[in-house]
Amino acid sequence: MKKRDTTSGLMLWIAVILLAVYNLVYWIGKFFPKFIPAVTEVRLSLVEHWGLMMFLELLAVISLFVDIVVRWDEFPKRERNARLLMTGFFVCAFMARFGFGVMDMYMIGDVQ
């Protein structure tokens, strides 16, 4: 059994944490704007840089997907299932946020 590279594993876990925080901020700010007003302000500032944020999120989601495909046999079954569910959640959240972003741009009039 090969020894895991701790640097790449740490980078992937940092990506997971950042994606989780970003998703939490985005969805709370989108659907519960009066719940925590500061979160709504942060979400609006992130939406200003929508293209950059989508690109960075795409890189993180692709990294998670490639990691799970390449190292599928190295993970114990329990960890494999957890990673699969986590990656699936982030892929679905990315696609939903992309759809909402395109709809928002269309409604504002940025897309013609």
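Everything here concerns the structure above.
Keep in mind it's a predicted model, so treat the numbers as computed, not measured.

J.: Residues and numbers for the packing of helix 1 (residues 6–31) against helix 3 (residues 50–70), please.
T.: The geometry of helix 1 relative to helix 3 is characterised by a closest axis approach of 10 Å and an angle of 130 degrees between their N-to-C directions. Between helix 1 and helix 3, the angle is such that the two are oblique. Crossing hand, helix 1 versus helix 3: left-handed. Here Leu12, Ala15, Val16, Leu19, Tyr22 and Asn23 of helix 1 come into contact with helix 3, specifically with Met53, Glu57, Ala60, Val61, Ser63, Leu64 and Asp67. Partitioned by chemical class, the residues of the contact of helix 1 with helix 3 number nine nonpolar, two polar and two charged.

J.: Hey, could you go over the environment of Phe89 for me, with residue numbers and the actual values?
T.: Mapped onto the fold, Phe89 is located in helix 4 (residues 77–108). Looking at Phe89, the relative accessible area reads 48%, which means it is partly exposed. With 81 residues separating them in the primary sequence, Phe89 and Ser8 have C-alpha atoms 21 Å apart.

J.: Describe the packing of helix 1 against helix 2 (residues 37–47), with residues and values.
T.: At their nearest, the axes of helix 1 and helix 2 sit 8 Å apart, and the two run at 105 degrees to each other. On the basis of the axis angle, helix 1 is roughly perpendicular to helix 2. Of the residues in helix 2, those in contact with Tyr22, Val25, Tyr26, Ile28, Gly29 and Lys30 of helix 1 are Val39, Thr40, Val42, Arg43, Leu46 and Val47. Broken down by class, the residue content of the contact of helix 1 with helix 2 amounts to eight nonpolar, two polar and two charged.

J.: Explain the pattern of salt bridges residue by residue, including any values.
T.: Tallied over the entire structure, the rule returns five salt bridges. Look at the salt bridges and you will find they share partners, linking Asp67, Arg71, Glu79 and Arg83 into a network.

J.: Any details on the nonpolar core? Residues and values, ideally.
T.: Core analysis: the largest hydrophobic core is formed by 12 residues, namely Leu12, Ala15, Val16, Leu19, Trp50, Met54, Ala60, Val61, Leu64, Met86, Phe90 and Phe94. The set of elements that each furnish at least two residues to this core consists of helix 1, helix 3 and helix 4. In terms of residue count, helix 3 provides more of this core than any other element does, five residues in total. In this structure Val16 touches Leu64, Met86 and Phe90, once residues within four positions along its chain are discounted.

J.: Lay out helix 4 in plain terms, naming residues and giving numbers.
T.: Helix length check: helix 4, at 32 residues, gives a terminal C-alpha distance of 46 Å against a target of 46 Å (1.5 Å per residue), a fit within 8%. Within helix 4, the full set of buried residues consists of Arg83, Met86, Thr87, Phe90, Ala93, Phe94, Arg97 and Gly101. Check the buried side of helix 4 and you find it contacts helix 1 and helix 3. In the stretch just after helix 4, Gly109 is the one whose phi turns positive, near 110 degrees.

Cut-offs applied
Residues numbered from 1 in each chain as written. Predicted model: local features only at pLDDT ≥ 70, side-chain atom pairs only at ≥ 80, totals over all residues. Heavy atoms only, no water. Axes fitted to C-alpha atoms, helices over the stretch in contact; angles between N-to-C directions. Helix = DSSP H or I, 4+ residues; strand = E, 2+ residues; numbered from the N terminus. Parallel < 35°, antiparallel > 145°, perpendicular 65-115°, else oblique. Left-handed = near helix turned anticlockwise from the far one by under 90°. Contact = heavy atoms within 4.5 Å. Nonpolar A, V, L, I, M, F, W, Y, C, P; charged D, E, K, R; others polar. Buried < 20%, exposed > 50% of the residue type's maximum accessible area, 1.4 Å probe, protein only. Salt bridge = Lys/Arg side-chain N within 4 Å of Asp/Glu carboxyl O. Core = buried A, V, L, I, M, F, W, Y, C linked by side-chain atoms within 4.5 Å. Expected span 1.5 Å × (residues − 1).

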